[in-house]
Amino acid sequence: MIRDRGTIKWTAMMLPEHVQKIREWKKEAYVEAPKELTEWELEDLQQVIDQSLAQNKIITLTVWESIKYVQWTGIIQAINPDKQELILETITKVKHIPINTINAARLDNEIFE
């Protein structure tokens, strides 16, 4: 049976610069692009955030950070209009999230202590 190791077998014959370029190309190839929200999605997002802030409910935010989406769960402490950021208190820390990076929001039913 033939055991093909893919590009691993060729790296010994490549220059270090070539190996580095291949790694960079692979990172770029698998990068997820942020999606643009429609006006209706933005309105829905605003309503969920306002409800969470007014009723002090737990919210899960999907946020674009560098090359991928990350989820943060906690209670919204405040919205800073000057810096265009939302202050979210999670279990372990207080996170300052830029508003333009928020992609989705969902209210959770559990009680945050």
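Each value, and the rule that gives it
Residues numbered from 1 in each chain as written. Predicted model: local features only at pLDDT ≥ 70, side-chain atom pairs only at ≥ 80, totals over all residues. Heavy atoms only, no water. Helix = DSSP H or I, 4+ residues; strand = E, 2+ residues; numbered from the N terminus. Buried < 20%, exposed > 50% of the residue type's maximum accessible area, 1.4 Å probe, protein only. Contact = heavy atoms within 4.5 Å. Areas by Shrake-Rupley, 256 points an atom, 1.4 Å probe, with all protein chains shown as cover. Salt bridge = Lys/Arg side-chain N within 4 Å of Asp/Glu carboxyl O. Phe/Tyr/Trp six-rings, centres within 6.5 Å; stacked < 30°, edge-to-face > 60°. pLDDT = per-residue confidence, 0-100. Pairing = 2+ DSSP bridges. Axes fitted to C-alpha atoms, helices over the stretch in contact; angles between N-to-C directions. Core = buried A, V, L, I, M, F, W, Y, C linked by side-chain atoms within 4.5 Å. Lys, Arg positive; Asp, Glu negative; His and termini not counted.

Sorry if this is basic, but what is going on with the overall build of the protein chain here?
Of the regular secondary structure elements, the protein chain holds two helices and five strands. Its helices and strands in sequence order give the protein chain the pattern α-α-β-β-β-β-β, from N to C terminus. Burial status across the protein chain gives 27% buried among its 113 residues. Across the protein chain, the fraction of contacts at a sequence separation of at least 24, relative to all contacts at a separation of at least 6, is 45%. Total accessible area computed for the protein chain in this model is approximately 9,100 Å², and 54% of it derives from carbon and sulfur atoms.

Would you explain the pattern of salt bridges in this entry?
Side-chain pairs of opposite charge can arise whenever the charged atoms involved come near each other. Throughout the structure, instances matching the rule amount to two salt bridges. With a closest N to O distance of 3.8 Å, Glu-65 and Lys-95 form a salt bridge. Within this pair, whereas Glu-65 is found in strand 1 (residues 58-65), its partner Lys-95 is found in strand 4 (residues 94-98), the two being separated by 30 residues in sequence. Residue Glu-65 is classed as partly exposed on the basis of its relative accessible area, which comes to 25%.

Quick question: what am I supposed to make of the packing of aromatic side chains here?
The geometry of two aromatic rings is summed up by the distance between their centres and the angle between their planes. Taken as a whole and assessed by the stated rule, the structure comprises one aromatic pair. Pairing Trp-64 with Tyr-69 gives two aromatic rings, centres 5.0 Å apart and planes at 70°, and the pair type is edge-to-face.

Any chance you could explain the confidence of the model for the protein chain here in plain terms?
Interpretation of this model should avoid reading the predicted coordinates in detail wherever pLDDT is low. Averaged over the protein chain, the pLDDT score is 85; the fraction of residues at 70 or greater is 86%. Mean pLDDT values for the elements of the protein chain range from 82 in helix 1 (residues 16-29) up to 94 in strand 4.

How do you make sense of the sheet that holds strand 1 when you look at a structure like this?
Through backbone hydrogen bonds, the strands of a sheet pair up, either in parallel or in antiparallel fashion. Strand order across the open sheet formed by five strands is 4-3-2-1-5, with antiparallel pairing between neighbours. Only two strands of the sheet have a single neighbouring strand rather than two, namely strand 4 and strand 5 (102-107). Strand-to-strand, the axes of this sheet are offset by a mean angle of 45°, without reference to chain direction. Note: strand 2 (residues 68-80) against strand 3 (residues 85-89), five bridges, orientation antiparallel. Paired with Ile-79 across the strands is Leu-86, a residue of strand 3.

Where do I start with the environment of Glu-32 in this structure?
Looking at the element boundaries, Glu-32 is found in the loop between helix 1 and helix 2 (39-55). Put simply, Glu-32 and Ile-67 are 35 residues apart on the chain and 6.2 Å apart in space, counted from C-alpha to C-alpha. Not counting residues up to four positions away in its chain, the partners in contact with Glu-32 are Trp-64, Ile-67 and Tyr-69.

I tried to follow the nonpolar core on my own but got confused; where do I start?
Buried together is how nonpolar side chains tend to be arranged in soluble globular proteins. Within the largest apolar cluster, 14 residues are counted, with the highest numbers of intra-cluster contacts made by Ile-49, Ile-59, Leu-61, Leu-86, Leu-88, Ile-97 and Ile-102. Within the residue set of this core, elements represented by two or more residues are helix 2, strand 1, strand 2 and strand 3.

Explain the side chain of Glu-85 here, please?
Relative to the helices and strands, Glu-85 is located in strand 3. Lacking a salt bridge, the buried Glu-85 has Lys-83 as its closest oppositely charged neighbour, with an N-O distance of 4.6 Å. When near neighbours in sequence (up to four residues on either side) are disregarded, Glu-85 contacts Ile-79, Asn-80, His-96, Ile-97, Pro-98 and Ile-99.

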